[in-house]
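The lines below spell out each chain.
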Amino acid sequence: MTRLASLAAGALLAVSAAPANGGPQEDRNIQLIKDYYAAYATGNPEAVRPFLAADIVWRIPGHHPLAGDKRGPEEVVAFFRGLADGKFRTEPIFFQAQGDLVVDIHRGWSNVGSGPEIDQLFALMFRIKDGKITEAQNFLTDMYQSDTFYWTHYKLKPLPGRLADDR
């Protein structure tokens with residue numbers, strides 16, 4: 001076993017030995033994220049707004065038009081509007097909380113009906129403060145599939161219209 005594999009195995013054992021939740025606060029945080037997923041499942045991007053803190057940062061990895069940091073509820077809801085255009089769906093599988101963090105694993109898939117689709121496992125790490133999501137970091141299992149899907153279905157505006165006005 002390589003040193004990296006040994007470290008990864010040790011980290012996995014340490015995480016898996018931790019309790020699924022630590023108490024009432026962790027239980028409330030998990031319920032908040034379950035309620036967020038129920039709101040997302042309605043297909044109305046505005047339904048997630050009540051879960052977002054005013055200073056939220058939502059990080060989307062990748063090299064595609066929807067990647068990058070979304071700051072504030074307006075940008076996050078706009079991102080979810082983009083996902084709604086791709087007929088994105090989720091199926092939560094697992095939740096764990098520790099302190100102000102909740103981690104979930106979910107299946108995410110699209111139903112555009114033409115071109116490449118996306119269907120993979122995602123993990124999200126949420127930071128909760130005062131009953132609101134203040135930070136979310138998305139982790140994917142297949143970045144190549146994700147980038148291909150988004151570049152195919154989410155075209156950029158031509159130059160100069162896609163550049164920020166504050167250059």
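Residues numbered from 1 in each chain as written. Predicted model: local features only at pLDDT ≥ 70, side-chain atom pairs only at ≥ 80, totals over all residues. Heavy atoms only, no water.

- Looking at an unreviewed UniProt entry, one finds the protein chain named SnoaL-like domain-containing protein, with Mesorhizobium muleiense as its source organism.

Details of the sheet that holds strand β5 (residues 119–129)
- Reading across from one edge, β2-β1-β6-β5-β4-β3 is the order of the six strands in this open sheet, with mixed pairing throughout. Here the strands that pair on one side only, and so sit at the sheet edges, are β2 (68–71) and β3 (89–98). The sheet shows a mean angle of 15 degrees between the axes of neighbouring strands, taken without regard to direction.
- Here β3 pairs with strand β4 (residues 101–109) via nine bridges, running antiparallel. Of the residues in β4, the one forming a bridge with R89 is W109.
- Its contacts with the sheet place helix α2 (residues 24–40) against β1 (52–60), β3, β4, β5 and β6 (132–140), and it is angled at close to 170 degrees to β3.
- Sitting on the sheet, helix α3 (residues 72–85) is in contact with β1 and β2, with an inclination near 45 degrees to β1. (Pairing = 2+ DSSP bridges. Helix = DSSP H or I, 4+ residues; strand = E, 2+ residues; numbered from the N terminus. Axes fitted to C-alpha atoms, helices over the stretch in contact; angles between N-to-C directions. Contact = heavy atoms within 4.5 Å.)

Considerations on the pattern of salt bridges
- Considering all chains together, one arrives at 10 salt bridges under this definition.
- For E91, the salt bridge identified is with R107, shortest N-O distance 3.8 Å. Of this pair, E91 sits in strand β3 while R107 sits in strand β4, and the two are 16 residues apart along the sequence.
- Owing to a relative accessible area of 39%, E91 belongs among the partly exposed residues under this scheme. (Salt bridge = Lys/Arg side-chain N within 4 Å of Asp/Glu carboxyl O. Buried < 20%, exposed > 50% of the residue type's maximum accessible area, 1.4 Å probe, protein only.)

Description of the environment of E135
- You can see E135 is positioned in strand β6.
- For the pair E135 and V57, spaced 78 residues apart in sequence, the C-alpha separation works out to 4.9 Å.
- When neighbours within four sequence positions are excluded, E135 is seen to be in contact with I56, V57, R59, M125, F126 and R127.
- A polar side-chain atom of E135 sits 2.8 Å from a polar atom in the side chain of R59. (Polar contact = N/O pair within 3.5 Å; in protein donor to acceptor, adjacent residues only side chain to side chain.)

Some remarks on α2
- An ideal rise of 1.5 Å per residue puts 24 Å on 17 residues; α2 measures up with 24 Å between its terminal C-alpha atoms.
- Looking at the buried side of α2, the elements it contacts are β1, α3, β3, β4, β5 and β6. (Expected span 1.5 Å × (residues − 1).)

Details of the pairing of β1
- Across four bridges, β1 lies against β6 in parallel orientation. Residue pairing in the sheet places L52 in a bridge with I133 of β6.
- As paired strands, β1 and β2 are joined by four bridges and run antiparallel to one another. Among the inter-strand pairings, V57 is bridged to a residue of β2, identified as R71.

Some thoughts on empty space enclosed by the protein
- In the structure shown here, the tally under the stated rule is two cavities of 30 Å³ or more.
- Roughly 190 Å³ of volume is contained in the largest cavity.
- Lining of the largest cavity is provided by 20 residues; of these, F79, L83, F88, H106 and N138 occupy positions nearest its centre.
- Only α2, β1, α3, β4, β5, β6 and α4 (143–153) provide two or more residues apiece to the lining of the largest cavity.
- For the lining of the largest cavity, the class distribution of residues is 14 nonpolar, six polar and no charged.
- Quantified by volume, the second largest cavity comes out at close to 80 Å³.
- Taken together, Y40, G43, N44, P45, V48, F80, L83, A84, F88 and R89 form the lining of the second largest cavity. (1 Å grid on protein atoms, 1.4 Å probe; cavity = no way out; pocket = protein on both sides within 12 Å on 5 of 7 lines; lining within 4 Å. Points joined across faces, edges and corners; volume = space filled by probe spheres on them. Nonpolar A, V, L, I, M, F, W, Y, C, P; charged D, E, K, R; others polar.)

Examining the side chain of D147
- Looking at the element boundaries, D147 is found in helix α4.
- The charged side chain of D147 is buried without a salt bridge, its nearest counter-charge being K70 at 11 Å.
- In contact with D147, other than residues within four places in its own chain, are G62, H63 and H64. (Lys, Arg positive; Asp, Glu negative; His and termini not counted.)

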